[in-house]
Amino acid sequence: MKVQVSANFKKHARKTIISIIVFAITYIILLILAIGITVGFTLLGVLIFASKPMFLTAVLCLGLFGSGLTILFFLLKFVFASTKVETGHLTQISERDEPQLFALIHEVVNEVHTSFPKKVFLSHDVNASVFYDSNFWSMFLPIRKNLQIGVGLVNSVTQQELKAILAHEFGHFSQKSMKVGSYVYHVNQIIYNMLYKNESLDNMFEKWGNISGYSAIFISLSVFIIQQIQNILKHLYTYVNLNYLALSREMEFHADEIAAHVAGSQALADSLLRLSFANHALNNVLTFYDGKFSENIRSSNIYPEHRYVMLMFAERNKYQMRDGFPQIELSTLKKYDKSKLNLENQWSSHPSDEDRVKALQKLNIVKQEIRNEPAIELLSNAAAVAHTISDKLFSGVQYEQNPSMLEIAAFRADFESKMNKYAFDQKFNDFYDYNHPVLKEGTPPFEKPIKQSFEELFDDSKVDTLYELNSLKNDQYVVESISKGELKLKTFDYDGTKYQPADAVELLQRIEHTIAATEQKITDYNQQIHAYFLLQADLQGKGKEFEQKYNDFATFDKNYGEGQARYNEMVVNTEFIFQTVPFATIEARLSDLKRREEELKKQLVLLLALPESSRELDENLIRSLETYVNNELVYFHVDHYNEENLQILFNAISSYKKLLDENHFTKKKCYLEFMLSLEENKE
């Protein structure tokens, strides 16, 4: 198979090659200068010592020689550096273990015309990648790659989709034209290592400084020269990296095209659209077990649970199912992202999923023979493999005692219970996920007759307005960055029109005007909804109860923003505890912290008095919080922190945030459920 590279690919490849040549020339010049400095310093040191042999001139001679060697070492150390990928968290498999999976890999390798991976590993996540250990010489010598396949990925796709994903990964290494990307990657690593990975150099300076006080002079000299070299390399790194990232984006399109020729456009497009959703589902499973840590409970096999959560989320989002998997359409992505801003992210290594899917749809390569069976069936004993990977995943968790295993039936009941607890009724159509049912202060009563039905009040158009507002605010933030010169672009598109950075201020004003108009629409929606349910409450003789439920939430919501700000303030003002600062600074910062604690303690007392709080905290944590609010704790004494008291402080700060969020959500849900009961009981 031979897939022609695009004109855009060739253009970025040429620019990238030029940047490599510029780097090579610059590096050779810097290396010659470093050699010259080393020779010059050495000759100068020898001349000084020869003119007046004594201890001081001997130190000066050795110091100059050491400075020169240090600068030379800085420029040559990358030759000896290597990057070894850690595989301890992975599980290596062989063809004897998994003949069907290896048969698929052989099939892809043959069709893509690349070499079979050196090793194949399984991981727990929703991902697949090709990786290898690298060093300076790997730019010139062929290296066999390793393949990593996530069981979470295998659990989320069909066999045809897995074939497409593997073809994409191997597609990066299938043709000579792709090797320039690998070469630039190494050049980038070289520059990055010289700029930011200098542990060996720092250790050398430390040992050198311990030899003699005179060493500080020569260390300062070496550091000054190295810093000047680094300043040059930083500009060079930006230049090379921008060209590499532009090429990298084209390489993704190219690898996608190879995958489409192997497995068809549809298979890769479907998997691209599903994988972030599948990853979200797996993260929810793992977050669930984070909450089970204190109970010494873990999963025996996370993958049936992962599949259950995927199907549950798909049902709640009304996704279509095909071959047992949720089908996520491109339009679904646009439902949440209504941004009108279009600018090329020059620092992104991958094009957006939307652009990739559109390119695949344009290719429209159709395969007649497709395998839509679940990819998990390729594993010889899927349950055993899943148990092994799950065991490895949980092996890093330090439980107080041997954890008990949660079986799938218990997981379903517990997970669904938690989801229902922290979700609003689907009848509201997600309208209140990003909107609070409160009226703005000074909003006059809605006096027009309410002609809309419940369904019309919460139809898709109302929810779309909320997503539109969120996208407008994101656009506002980006355009504001452009107007301030923080985001440097030649041009950008907004709503189909091309703009210069100088136009950003005027465009920003228009966006702000649109935001104000959209916020007013949402205010009107909330006002109509409030009037609708107030009328229903009056008709059912529950007007006072409705007002009480509303005021209970609205009053708490009014102070909710202040509470969030208070939490953020406490987090920022305790960061110094994790930093190395002088004792005097610690005392001053703690004195300021004590002043801020007064309001935190006051608000904690109020939150702890609420009924919901006692259900959310265990007895040990409640005792810790009572100790905090009732005592003046000492966090630092003379030259050391009191770790026990600091733990009480951090418990208080995190618990404050938890209680604030829990009570806000509970009051909101209570009010919404009352609204729903009015709708269900209306005549």
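Up top you'll find the structure we're talking about.
Fair warning: this is a prediction, and the values are worked out from it, not measured in the lab.

### As for the overall build of the protein
- When its secondary structure is counted, the protein shows 22 helices and 15 strands.
- Taken over the C-alpha atoms alone, the protein extends approximately 105 × 75 × 65 Å along its principal axes.
- Counting every position in the protein, which comprises 683 residues, the buried fraction comes to 45%.
- Taking contacts inside the protein between residues at least 6 apart in sequence as the whole, the part at least 24 apart equals 83%.
- Surface exposure of the protein reaches about 36,200 Å², of which carbon and sulfur atoms provide 55%.
- One way to put it: in the protein the 71 positive side-chain charges average out to a point 6 Å from where the 86 negative ones average out.

### What to know about unusual backbone geometry
- Notably, Asn-296 is not glycine yet its phi reads approximately 55°, a positive angle.
- With respect to the helices, strands and loops of the structure, Asn-296 is situated in the loop between helix H9 (265-290) and strand S7 (297-299).
- We note that Lys-318 has phi near 60°; this positive angle belongs to a residue other than glycine.
- Its location among the elements puts Lys-318 in the loop between helix H10 (302-316) and strand S8 (320-322).

### Focus on the environment of Leu-508
- On the secondary structure map, Leu-508 appears in helix H17 (residues 504-539).
- Taking relative accessible area as the criterion, Leu-508 reaches 10% and is therefore assigned buried.
- In sequence terms Leu-508 and Arg-316 are 192 residues apart; their C-alpha atoms lie 37 Å from each other.
- Apart from residues no more than four positions distant in its own chain, Leu-508 is found in contact with Gln-476, Val-479, Glu-480 and Ser-483.

### Structural notes on the sheet that holds strand S13 (residues 497-499)
- In space, the three strands of this open sheet follow the order S10-S12-S13, with antiparallel pairing throughout. Of all strands in the sheet, those bounded by a partner on one side alone are strand S10 (341-342) and S13.
- Of the pairings in the sheet, the one linking strand S12 (residues 492-494) to S13 comprises three bridges and is antiparallel in character. Note on S13: the bridge partner recorded for Tyr-494 is Thr-497.
- Where H17 meets the sheet, it contacts S12 and S13, and its direction lies at approximately 25° from that of S12.

### As for empty space enclosed by the protein
- Tallying each qualifying case throughout the model produces three cavities of 30 Å³ or more.
- The computed volume of the second largest cavity comes to approximately 50 Å³.
- Lining the second largest cavity, in full, are Tyr-432, Pro-437, Val-438, Leu-439, Asn-526, Ile-529, His-530, Tyr-671 and Met-675.
- At three residues, the largest contribution of residues to the lining of the second largest cavity is made by H17.

### Focus on the nonpolar core
- Residues Leu-101, Ile-105, Leu-162 and Phe-411 are the most contacted members of the largest nonpolar core, which totals 72 residues.
- In terms of residue count, H9 provides more of this core than any other element does, 13 residues in total.
- Not counting chain neighbours up to four residues away, the residues in contact with Leu-101 comprise Ile-93, Leu-122, Ile-149, Leu-162, Leu-378 and Leu-379.
- Counting residues in each nonpolar core, the second largest holds 42 residues, with Phe-492, Phe-533, Tyr-671 and Leu-678 among its members.

### What about the packing of aromatic side chains?
- For the structure on display, the rule yields 31 aromatic pairs.
- Considering the side-chain rings of Phe-583 and Phe-636, the 5.8 Å spacing of their centres and the 50° angle between planes classify their relative orientation as tilted. Of this pair, Phe-583 sits in helix H19 (residues 583-608) while Phe-636 is found in strand S14 (residues 636-637), placing the two residues 53 residues apart along the sequence.
- Phe-583 gets classed as partly exposed once you look at its relative accessible area, which sits at 46%.

### Quick look at a positive patch on the surface
- There is a patch of like positive charges on the surface, built from Lys-10, Lys-11, Arg-14, Lys-15 and Lys-490.
- Mapping Arg-14 onto the fold places it in helix H1 (residues 7-51).

### Describing the sheet that holds strand S6 (residues 146-150)
- If you walk across this open sheet you meet the four strands as S2-S3-S6-S4, and the pairing is mixed. This sheet does not close on itself; its edge strands, each paired only once, are strand S2 (91-93) and strand S4 (128-131). Going from strand to strand, the sheet's axes swing by 30° on average, the running direction of each strand aside.
- In the sheet, S4 pairs with S6 via four bridges, with the strands oriented antiparallel. Across the sheet, Val-130 pairs through a bridge with Leu-147, a residue of S6.
- Taken strand by strand, helix H5 (residues 159-171) contacts S4 and S6, and its axis lies near 25° from that of S4.

### What to know about helix H12 (residues 353-363)
- Taken residue by residue, H12 has Arg-356, Val-357 and Leu-360 as its buried positions. All buried residues of H12 project into a common sector of 95° when viewed along the axis, lining one side.
- Asn-364 occupies a position one or two residues after H12 and carries a positive phi of about 50°.

### Considering helix H21 (residues 619-630)
- Over its 12 residues, H21 runs 16 Å from end to end, which matches the ideal 16 Å to within 8%, given 1.5 Å per residue.
- Looking only at H21, the buried set comprises Ser-624, Leu-625, Tyr-628 and Val-629. All buried residues of H21 project into a common sector of 130° when viewed along the axis, lining one side. The outward face of H21, more than 90 degrees from its buried face, is lined by the exposed residues Glu-619, Asn-620 and Asn-630.
- In this fold, the buried residues of H21 make contact with H19 and helix H22 (643-681).

### Observations regarding the pattern of salt bridges
- For the structure shown, the criterion picks out 27 salt bridges.
- Across the pair Glu-354 and Lys-358 runs a salt bridge, and its minimum N-O distance is 3.0 Å. Pair noted here: Glu-354 and Lys-358 are both in helix H12, with a separation of four residues, about one helical turn.
- Lys-358 sits in the partly exposed class, given a relative accessible area of 43%.
- With its nearest N and O atoms 3.5 Å apart, the salt bridge here joins Asp-493 to Lys-498.
- Judged by relative accessible area, which is 55%, Lys-498 ranks as exposed.
- Each of the salt bridges in this network shares a partner with another, and the network as a whole consists of Glu-107, Glu-111, Lys-163 and Arg-371.

### Topic: a nonpolar patch on the surface
- Among the surface-exposed residues, Ile-17, Ile-21, Ile-25, Ile-29 and Leu-33 lie close enough to one another that they form a single nonpolar patch of about 460 Å² accessible area.
- Tracing the chain through its elements places Ile-29 in helix H1.
- Exposure remark for Ile-29: the relative accessible area of 46% places this residue in the partly exposed category.

Parameters and conventions
- Residues numbered from 1 in each chain as written.
- Predicted model: local features only at pLDDT ≥ 70, side-chain atom pairs only at ≥ 80, totals over all residues.
- Heavy atoms only, no water.
- Helix = DSSP H or I, 4+ residues; strand = E, 2+ residues; numbered from the N terminus.
- Buried < 20%, exposed > 50% of the residue type's maximum accessible area, 1.4 Å probe, protein only.
- Contact = heavy atoms within 4.5 Å.
- Areas by Shrake-Rupley, 256 points an atom, 1.4 Å probe, with all protein chains shown as cover.
- Lys, Arg positive; Asp, Glu negative; His and termini not counted.
- Charge placed at Lys NZ, Arg CZ, Asp CG, Glu CD.
- Pairing = 2+ DSSP bridges.
- Axes fitted to C-alpha atoms, helices over the stretch in contact; angles between N-to-C directions.
- 1 Å grid on protein atoms, 1.4 Å probe; cavity = no way out; pocket = protein on both sides within 12 Å on 5 of 7 lines; lining within 4 Å.
- Points joined across faces, edges and corners; volume = space filled by probe spheres on them.
- Core = buried A, V, L, I, M, F, W, Y, C linked by side-chain atoms within 4.5 Å.
- Phe/Tyr/Trp six-rings, centres within 6.5 Å; stacked < 30°, edge-to-face > 60°.
- Patch = residues over 30% accessible without salt bridge, like charges linked within 9 Å, V, L, I, M, F, W, Y side chains within 5 Å.
- Salt bridge = Lys/Arg side-chain N within 4 Å of Asp/Glu carboxyl O.
- Arc of directions from axis to C-beta.
- Expected span 1.5 Å × (residues − 1).

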